[in-house]
Amino acid sequence: EDQVTQSPEALRLQEGESSSLNCSYTVSGLRGLFWYRQDPGKGPEFLFTLYSAGEEKEKERLKATLTKKESFLHITAPKPEDSATYLCAVQDSRLTFGEGTQLTVNP
Amino acid sequence: DAGITQSPRHKVTETGTPVTLRCHQTENHRYMYWYRQDPGHGLRLIHYSYGVKDTDKGEVSDGYSVSRSKTEDFLLTLESATSSQTSVYFCAISGGEDEKLFFGSGTQLSVL
């Protein structure tokens, strides 16, 4: 059975304090790993797709990386507007979402 | 923002009543999905559609039915609502099976 585990469940950072979110997965045949951002009261918003181990994608202060067992979402010098829940999802024969990491960035 | 509209945004209903949620898209995407989101669970797929009148079950389809008579509309029906169906429901669309999803803003459904 496919499994996606995100850690930590919640993370509090000070503005400018860099950190990483983890997404560990177990799937039979990875066809893609997705990162989404979700703000309170809204639907998830697409950030990145990664397809193979070693791949990296960047957008502003965010960088996503992928290995054969996990993905990291690195946040460099975060700002309060980066506060959100970050969701990871893996695709093989179906798409499986993790429960998310709730990130709070304090000014 | 992708052109996805969910209605209603909020609904309170009683156990045993039928409920229909609507998803409307203006992107002409082939795939449409209904998910539910609950604390302690990731987003879980209820049903999806890969074309007009072409639908299939997801992992939590019991108690739900769907219909897609036009490319732009995907309806989710709870035939007889139960308290376990209290949740936030999201519609999503994509251009292909393995492609990124665009989500609507969600419907908060409370079944009393």
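Residues numbered from 1 in each chain as written. Chains lettered and ligands numbered in written order. Predicted model: local features only at pLDDT ≥ 70, side-chain atom pairs only at ≥ 80, totals over all residues. Heavy atoms only, no water.

I would appreciate a short explanation of the overall build of chain A in the present structure.
For chain A, the count of helices and strands is 0 helices and 11 strands. Its helices and strands taken in sequence order, chain A reads β-β-β-β-β-β-β-β-β-β-β from the N to the C terminus. Across its three principal directions, the C-alpha atoms of chain A cover 40 × 30 × 20 Å. Counting across all 107 residues of chain A, residues that qualify as buried make up 47%. In chain A, of all internal contacts separated by at least 6 residues, the share reaching a separation of at least 24 is 54%. As displayed, chain A offers around 5400 Å² of accessible surface, 45% of which is attributable to carbon and sulfur atoms. The distance from the centre of the 12 positive side-chain charges to the centre of the 16 negative ones in chain A is 3 Å. (Helix = DSSP H or I, 4+ residues; strand = E, 2+ residues; numbered from the N terminus. Buried < 20%, exposed > 50% of the residue type's maximum accessible area, 1.4 Å probe, protein only. Contact = heavy atoms within 4.5 Å. Areas by Shrake-Rupley, 256 points an atom, 1.4 Å probe, with all protein chains shown as cover. Lys, Arg positive; Asp, Glu negative; His and termini not counted. Charge placed at Lys NZ, Arg CZ, Asp CG, Glu CD.)

It is not clear to me how the pairing of strand 9 (residues 87-94) of chain B should be interpreted in this structure. Could you clarify?
A regular strand carries its side chains on alternate faces of the sheet. All names here are of chain B. Counting buried residues along strand 9, 7 of its 8 residues qualify, which places the element largely inside the surrounding structure. As paired elements, strand 4 (residues 31-37) and strand 9 share 7 bridges and run antiparallel to each other. If you follow Y31 over to strand 9, its bridge partner there is S94. Looking at chain direction, strand 9 and strand 11 (residues 107-111) are connected through 3 bridges and run antiparallel. (Pairing = 2+ DSSP bridges.)

Any chance you could explain the state of the cysteines here in plain terms?
Applying the stated criterion across every chain, the model contains 2 disulfides over all chains. Across the disulfide, A:C23 is cross-linked to A:C88 (sulfur-sulfur distance 1.9 Å). When the S-S torsion is -60 degrees, as for the bridge of A:C23 with A:C88, the disulfide is left-handed. Residue A:C23 is found in strand 3 (residues 19-26), and its partner A:C88 is found in strand 9 (residues 84-91); the two are separated by 65 residues along the sequence. Residue pairing for B:C23: its cysteine sulfur links by disulfide to B:C91, the two sulfurs lying 1.9 Å apart. (Disulfide = S-S within 2.5 Å.)

Hey, could you run me through the sheet that holds strand 8 (residues 70-75) of chain A in this one?
Working definition: the strands of a sheet are paired by backbone hydrogen bonds and lie parallel or antiparallel to each other. Residues and elements named next belong to chain A. One open sheet accounts for 5 strands, arranged 1-3-8-7-6; its pairing is antiparallel. Looking along the sheet, the strands with just one partner apiece sit at the ends: strand 1 (3-7) and strand 6 (56-59). When strand polarity is set aside, the average angle formed by the axes of neighbouring strands in this sheet is 15 degrees. Bridge count between strand 7 (residues 62-66) and strand 8: 5 bridges; the pairing is antiparallel. If you follow K63 over to strand 8, its bridge partner there is H74. (Axes fitted to C-alpha atoms, helices over the stretch in contact; angles between N-to-C directions.)

What's the story with the nonpolar core in this structure? I'm lost.
Side chains that are nonpolar tend, in soluble globular proteins, to be buried together. By size, the foremost hydrophobic cluster in this structure holds 23 residues, and its most contacted members are A:L33, A:W35, A:L73 and A:Y86. Elements with a contribution of two residues or more to this core: strand 2 (10-14), strand 3, strand 4 (32-38), strand 5 (45-50), strand 7, strand 8, strand 9 and strand 11 (101-106) of chain A. Per-element tally for this core: the top contributor is strand 9 of chain A, with 4 residues. With 19 residues, the next largest nonpolar core counts B:V19, B:C23, B:V66 and B:A81 among its residues. (Core = buried A, V, L, I, M, F, W, Y, C linked by side-chain atoms within 4.5 Å.)

What should I look at first to understand the interface of chain B and chain A in this one?
As a measure of interface size, the accessible area lost when the parts come together is often cited. Across the boundary between the two partners, chain B contributes 17 residues, which contact 16 residues of chain A. Both faces considered, chain B and chain A share a buried interface measuring about 1300 Å² in area, 51% of it formed by carbon and sulfur atoms. Counting the surface chain B buries against chain A, the share from its top three residues, B:L43, B:D98 and B:K100, is 36%. One can count 2 salt bridges joining chain B with chain A. At the junction of chain B with chain A, the criterion picks out 3 residue pairs in polar contact (both at pLDDT 80 or more). Its residues placed into classes, the side of chain B that touches chain A shows 5 nonpolar, 6 polar and 6 charged. (Buried area = accessible area lost by both parts, 1.4 Å probe. Salt bridge = Lys/Arg side-chain N within 4 Å of Asp/Glu carboxyl O. Polar contact = N/O pair within 3.5 Å; in protein donor to acceptor, adjacent residues only side chain to side chain. Nonpolar A, V, L, I, M, F, W, Y, C, P; charged D, E, K, R; others polar.)

Is there a simple way to think about the environment of A:A64 in this case?
Here A:A64 shows up in strand 7. For A:A64, the residues in contact, after removing those within four places along its chain, are A:W35, A:F48, A:L50, A:E55, A:E56, A:K57, A:F72 and A:L73.

Would you explain the environment of B:S65 in this entry?
Residues and elements named next belong to chain B. Among the structural elements, S65 can be located in strand 7 (residues 64-70). A residue is classified by how much of its surface remains accessible, and S65, at 24% relative accessible area, is partly exposed. Between the C-alpha atom of S65 and that of L78, which follows or precedes it by 13 residues, the distance is 6.6 Å. Discounting chain neighbours no more than four positions away, the residues touching S65 are H47, L75, L76, T77 and E79. At 2.9 Å, the side chain of S65 forms a polar contact with the side chain of E79.

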